[in-house]
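Chain residues, written in single-letter form:
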Amino acid sequence: MTETGGLQVLSESGAYSAKGIMKIFGIGKHSARISAAEAARIAALPVAQRGPVLFNRAYGVGNPTKMREFDNTGPNDGWLYRGGGMMQCTGKSNYRKMAQKTGLPLVEHPELLHSPGSAFTAAYLEWGGDPRCNAAADRDDVKGARRAINGGDNGLDRCIAFLAKAKKVLANYGGATPLGVLADPAVNEVDESVDPELQDVQIRLKAMNYNPGRTEGEWGGLTAGAISGFINDRRSDIPAPTSAEAFSAVRERLVLEIEAAEAEGFARPVAAGRASADPEVVAEVAPEVVPAKRSALAAAWGALATFFAGLWQTVSAPVMKAWDFFLGHKDDIPEVDSGTVSAVTGYLGSIPPAVWIFAAAALLTAIWLLSRQSANAITQSVKTGARA
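These numbers come from a predicted model, not from an experiment.

> Can you help me understand the overall build of the chain in this one?
A count of helical and extended segments in the chain gives 19 helices and zero strands. In the chain, which comprises 388 residues, the proportion classed as buried is 35%. Contacts spanning at least 24 positions in sequence make up 53% of the contacts within the chain whose residues lie at least 6 apart. Surface accessibility of the chain: about 22300 Å² in total, with carbon and sulfur atoms responsible for 60%.

> Would you mind showing me how to read the packing of aromatic side chains here?
The relative placement of two aromatic rings is captured by the distance of their centres and the angle of their planes. The final tally for this structure, using the stated rule, is 12 aromatic pairs. For the ring pair Y16 and F25, a centre distance of 5.9 Å and an interplane angle of 90 degrees mean the geometry is edge-to-face. A residue is classified by how much of its surface remains accessible, and Y16, at 18% relative accessible area, is buried. Summarising the aromatic geometry, the rings of F55 and Y59 are spaced 5.5 Å apart at their centres and angled 0 degrees between planes, so their arrangement reads as stacked. Since its relative accessible area comes to 0%, F55 is described here as buried. Put simply, the rings of Y16, F25, F55, Y59, F70 and W79 touch in pairs and so form one group of aromatic residues. Directly above the aromatic system of W79 lies the positively charged group of R82, at a separation of 3.8 Å from the ring centroid. One cation-aromatic arrangement involves R234 over F266; the distance from NZ or CZ to the ring centre is 4.8 Å.

> I'm lost on empty space enclosed by the protein in this one. Help?
Which parts of space are left empty comes out when a probe the size of a water molecule is rolled across the atoms. This structure, assessed with the given rule, holds two cavities of 30 Å³ or more. Of the volumes computed, that of the largest cavity is approximately 60 Å³. Lining the largest cavity are 11 residues, and of these P105, N211, G225, A226 and R268 sit closest to its centre. Among the residues making up the lining of the largest cavity, the classes are represented as five nonpolar, five polar and one charged. Reported here for the second largest cavity is a volume of approximately 40 Å³. Along its surface, the second largest cavity is lined by G84, G85, M86, M87, Q88, C89, M98, L113, A119, A122, A123 and E126.

Criteria and thresholds
Residues numbered from 1 in each chain as written. Predicted model: local features only at pLDDT ≥ 70, side-chain atom pairs only at ≥ 80, totals over all residues. Heavy atoms only, no water. Helix = DSSP H or I, 4+ residues; strand = E, 2+ residues; numbered from the N terminus. Buried < 20%, exposed > 50% of the residue type's maximum accessible area, 1.4 Å probe, protein only. Contact = heavy atoms within 4.5 Å. Areas by Shrake-Rupley, 256 points an atom, 1.4 Å probe, with all protein chains shown as cover. Phe/Tyr/Trp six-rings, centres within 6.5 Å; stacked < 30°, edge-to-face > 60°. Lys NZ or Arg CZ within 6 Å of the ring centre and 35° of its normal. 1 Å grid on protein atoms, 1.4 Å probe; cavity = no way out; pocket = protein on both sides within 12 Å on 5 of 7 lines; lining within 4 Å. Points joined across faces, edges and corners; volume = space filled by probe spheres on them. Nonpolar A, V, L, I, M, F, W, Y, C, P; charged D, E, K, R; others polar.

Structural measurements only, silent on function.
Put into structure tokens, the structure is as follows:
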């Protein structure tokens, strides 16, 4: 409630007055260190220009400290990745982290964090992913909860007021009655049938390398993100649906756009770095590819080394003679349990060493093949855009 002005604002507004700019971004208040004269110049701009100028100055290339912190290196990144969502996520680096939590393509489409459905999904995942939040709430520590979300006491008074209102409204709330506890189970049966029309859209979008999550005809954040991303990439004026009801309202128009895209052979556009499978880009989008490649490389070298060791062992008469010598004198070795040691060495001695070595080489080769296949599959999903 505090971050959104009472659930009214999902995008940080740039319509600040000079006084407001100085209060938040002024010298001694923020690393941007905006002077009074600069604040007056920015505040004099039309609102449509004021926001981009202010946020690129405070969060982007105009403020090296925040530019590095937020990875806002693009000329308009400060504006694109301004505070958004129900917890006002700010900066490209934080949008990227939120994308990993939610599966939404927030870096490619930061506007998704400014729509209610995906914004709420991002908010509860952010809250649930930070153990400080519920811990503070369980202690009824409003200051601790505020600091966990905001990093300080800014807005604490409003937060305390909103909390008081919430406690009053929810004072008699006891939660919903579990199904089947107090009523006839037949009355409480849940219709688990899927929405075939939504499922059809999910399947068709997935074929174009969008990620709607599970294609089971159920509405969710991933489906909302996939549809919104498709609409944006097609430059369509279809309103991005944020709920199952909103989807039903635009379904016919969306299906027509999907049919047009399929007729064109359209697939999700990807950046040049993705399309060329640039190693740095792939590692950033899918970090698990790094250990997969390392495993493949280690297994490949291990398989080669073991294979040649086995080959050498096979043709090396001196080594075989040494093995025979060992078998002939094994009784000279001090033994704790001579019967067990003799049985084991006798069994192992019947198997030529080369067999063991070649078996190890075969195992390492299998590990190499599986690791390489895994790395290739991950890389391909990044290239096509299927991996957000």
